[in-house]
Amino acid sequence: QVQLVESGGGLVQAGGSLRLSCAASGRTSGNSQMGWFRQAPGKEREFLAAIKWAGGSTIYADSVKGRFTTSRDIAKNTVYLQMNSLKPEDAAVYYCACRYGWGGLGRKPDEYDYWGQGTQVTVSS
């Protein structure tokens, strides 16, 4: 139904920045929600941020609020995660995901139905 292709991961020094991109195939529905998650080895998948396609409202996890920003480009069918002031503990595989709904933005992995392939973010100290 929808395919998500994410990119932009890499290696950065602590304090640096990266911008992740998640390109969605086809036209995005009005009730689409896009979420960002990360998973480090031995840890559960962690919610980071989410954005509604219609209107662009956002939510953030406390762990990244003020450092990470998610946004969308409607013309490109793409969402972004701008990550600033990166810390070594931010190192993980980062995933974008999509769900459909008219209510509040989802915060749990099992609320999302479609997932990108993941992109590695490494932060050196």
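Residues numbered from 1 in each chain as written. Predicted model: local features only at pLDDT ≥ 70, side-chain atom pairs only at ≥ 80, totals over all residues. Heavy atoms only, no water.

Participant: In this structure, what is going on with the environment of Ala24? I would like to understand it.
Facilitator: Summarising the element assignment, Ala24 is placed in strand S3 (residues 18-24). The sequence separation of Ala24 and Arg67 amounts to 43 residues, and the corresponding C-alpha distance is 24 Å. Discounting residues that sit within four places of it in the chain, Ala24 has contacts with Val2, Gln3, Leu4 and Asn77. (Helix = DSSP H or I, 4+ residues; strand = E, 2+ residues; numbered from the N terminus. Contact = heavy atoms within 4.5 Å.)

Participant: When you look at the state of the cysteines in this model, what are you seeing that I'm missing?
Facilitator: Working definition of a disulfide: a covalent bond connecting the sulfur atoms of two cysteines. Inspection of every chain in the model, using the stated rule, returns one disulfide. In this structure Cys98 is not part of a disulfide, and its nearest cysteine sulfur, from Cys22, lies 8.4 Å away. (Disulfide = S-S within 2.5 Å.)

Participant: Sorry if this is basic, but what is going on with the pattern of salt bridges here?
Facilitator: It is possible for side chains of opposite charge to pair when their charged atoms get near one another. The tally for this structure, following the rule as stated, stands at three salt bridges. Between Glu46 and Arg38 there is a salt bridge, with its nearest N and O atoms 2.9 Å apart. Residue classification places Glu46 among the partly exposed positions, given a relative accessible area of 29%. A salt bridge links Arg67 to Asp90, with the shortest nitrogen-to-oxygen separation between them at 2.7 Å. Linking Arg67 in the loop between strand S6 (58-60) and strand S7 (68-73) with Asp90 in the loop between strand S8 (78-83) and strand S9 (92-100), this pair joins segments that are 23 residues apart in sequence. Neither Arg67 nor Asp90 differs from the other in exposure class; each is buried. Each of Arg38, Glu46, Arg67 and Asp90 takes part in a single network of salt bridges with overlapping partners. (Salt bridge = Lys/Arg side-chain N within 4 Å of Asp/Glu carboxyl O. Buried < 20%, exposed > 50% of the residue type's maximum accessible area, 1.4 Å probe, protein only.)

Limitation: the analysis is restricted to geometry and does not speak to function.
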